[in-house]
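# Topology and contacts: notes
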Amino acid sequence: MEYRQLGRSGLRVSRLTMGTMTFGGKGWAKTVGDLGVSEARRLVDMCIDAGVNLIDTADVYSAGASEEIIGEILGGVRKNGTLIATKARFPMGEGPNDAGNSRYHLISACEASLRRMKTDVIDLYQVHEWDGQTPLEETLEALDTLIKQGKVRYVGCSNFSGWHIMKALGISEREHRERFVSQQIHYTLEARDAEFELLPISLDQGLGVLVWSPLAGGLLSGKHRRNQAAPEGTRQFAGWTEPPIRDEDRLWNIVETLVSVAESRNVSAAQVALAWLLGRQAVTSVIIGGRTEAQFKDNLAAADLKLSAEERKRLDDVSLPQLLYPYWHQRNTASDRLGEADLSLLGPHLNQ
């Protein structure tokens, strides 16, 4: 297993992270999975034995049950220096202050996560979503306080837009607060929106990138094909709606290319999709999930799959997003003075 620096921090994380949304099976998360302690323990041990050193969860996963299961498995004993990441922002109660990125909610949510996971410290604490009603100054001060209190080691964000992140980093610098070391984002062959702002920001500002739902909720696993009903037992069969599919023909073209590359290498389409992400500029770690040992075993194998330049080009070409403004204008008029972060988006379009 390869380990990569998480942003500008000194923390090294495995290029694959274990996701735990399938733990617990309560509320909306039951659609994703309902693993109990014994089943989850086998999967955690499998990932740790494969060299995974980061386990990612969130308080909202199964209303805290995912964190509780992690607490039963790792509480008090962090095998092989395992790191724990969790997130807060979404409602964890019916009260008016049981959600959001306020000082009140984040501090109380962090303390609740610590209790559920039976640990004294969270290695990476992430705000799970933007909160446009709480001043960023308040959010960042609360996170800074948690670090100073020794309850959190590093902080990150998830699902922020480009201007949200840049505003946060600017405030951290101005007020001498601990800055985000990472962002957790949705990024796949099918959904490359992050390339417009989020990945260039990571390159320019030194943020680590953790990728959630790298198989697009299973759409890129090879199980779903053009003009075929969703297989029983999958998230799509159960009505899962993330990510939104805006162009079905494009999706199936991507899937068919994935399957073609996979068959030529005698591996799964899921492994090819994960290997493509692992080779993308700025990506630090890809979060893998599943409900069975077979799924995790297959995903873990992606760490050793190296795609050829020709294979990467096939996948790049079939999934390349059309440029939005002002990027098409920059391609046309600014190509003589583009930096590394600019080229991460515009580079593939310059010769078109």
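Note: the structure precedes this text.
Throughout what follows, the structure given in this document is the object of discussion. No experiment lies behind these values; they were computed from the predicted model shown.

### Details of the overall build of the chain
Within the chain, the regular secondary structure consists of 12 helices and 10 strands. The globule rule puts the C-alpha radius of gyration for 352 residues at 20 Å, and the 20 Å found for the chain is close to it. The C-alpha extent of the chain, read off along each of the three principal axes, is 50 × 50 × 35 Å. In the chain, of all internal contacts separated by at least 6 residues, the share reaching a separation of at least 24 is 77%. Total accessible area on the chain is roughly 15,600 Å²; 47% of this is exposed by carbon and sulfur atoms. Considering the chain, the positive charge centre built from 40 side chains and the negative charge centre built from 46 side chains are found 3 Å apart.

### Details of the sheet that holds strand S6 (residues 122-127)
A barrel is described by the order of its strands in space; here 8 strands give the closed sequence S3-S4-S5-S6-S7-S8-S9-S10, paired in parallel fashion. On average, adjacent strands in this sheet sit at an angle of 30° to one another, irrespective of strand direction. Taken strand by strand, helix H8 (residues 269-278) contacts strand S3 (16-19), strand S9 (208-212) and strand S10 (285-288), and its axis lies near 155° from that of S10.

### As for the nonpolar core
In this structure, Met-18, Tyr-125, Phe-180, Tyr-187 and Leu-220 are the most contacted members of the largest nonpolar core, which totals 82 residues. Broken down by element, the residue count for this core peaks at 9 residues, all from H8. When near neighbours in sequence (up to four residues on either side) are disregarded, Phe-180 contacts Val-127, Leu-140, Leu-143, Val-155, Gly-156, Cys-157, Phe-160, Ala-168, Leu-169 and Leu-207. Leu-6, Leu-11, Leu-124 and Leu-210 belong to the second-largest nonpolar core, a separate cluster that totals 10 residues.

### Looking at the pairing of S6
Of all the 6 residues making up S6, 6 are buried; the element is thus mostly covered by neighbouring parts of the structure. Sheet topology places strand S5 (residues 83-88) next to S6; 4 bridges connect them, and they run parallel. Following the sheet pairing, Lys-87 is matched in S6 by Gln-126. Remark: the S5/helix H3 (residues 103-117)/S6 crossover connection has right-handed handedness. Across 5 bridges, S6 lies against strand S7 (residues 152-158) in parallel orientation. Bridge pairing in S7 links Ile-122 to Val-152. Chirality of the crossover, the property in question, places the unit of S6, helix H4 (residues 136-148) and S7 among those that are right-handed.

Parameters at a glance
- Residues numbered from 1 in each chain as written.
- Predicted model: local features only at pLDDT ≥ 70, side-chain atom pairs only at ≥ 80, totals over all residues.
- Heavy atoms only, no water.
- Helix = DSSP H or I, 4+ residues; strand = E, 2+ residues; numbered from the N terminus.
- Rg over C-alpha atoms; globule rule 2.2 N^0.38 Å.
- Contact = heavy atoms within 4.5 Å.
- Areas by Shrake-Rupley, 256 points an atom, 1.4 Å probe, with all protein chains shown as cover.
- Lys, Arg positive; Asp, Glu negative; His and termini not counted.
- Charge placed at Lys NZ, Arg CZ, Asp CG, Glu CD.
- Pairing = 2+ DSSP bridges.
- Axes fitted to C-alpha atoms, helices over the stretch in contact; angles between N-to-C directions.
- Core = buried A, V, L, I, M, F, W, Y, C linked by side-chain atoms within 4.5 Å.
- Buried < 20%, exposed > 50% of the residue type's maximum accessible area, 1.4 Å probe, protein only.
- Right-handed = clockwise from strand over helix to strand, strands pointing away.

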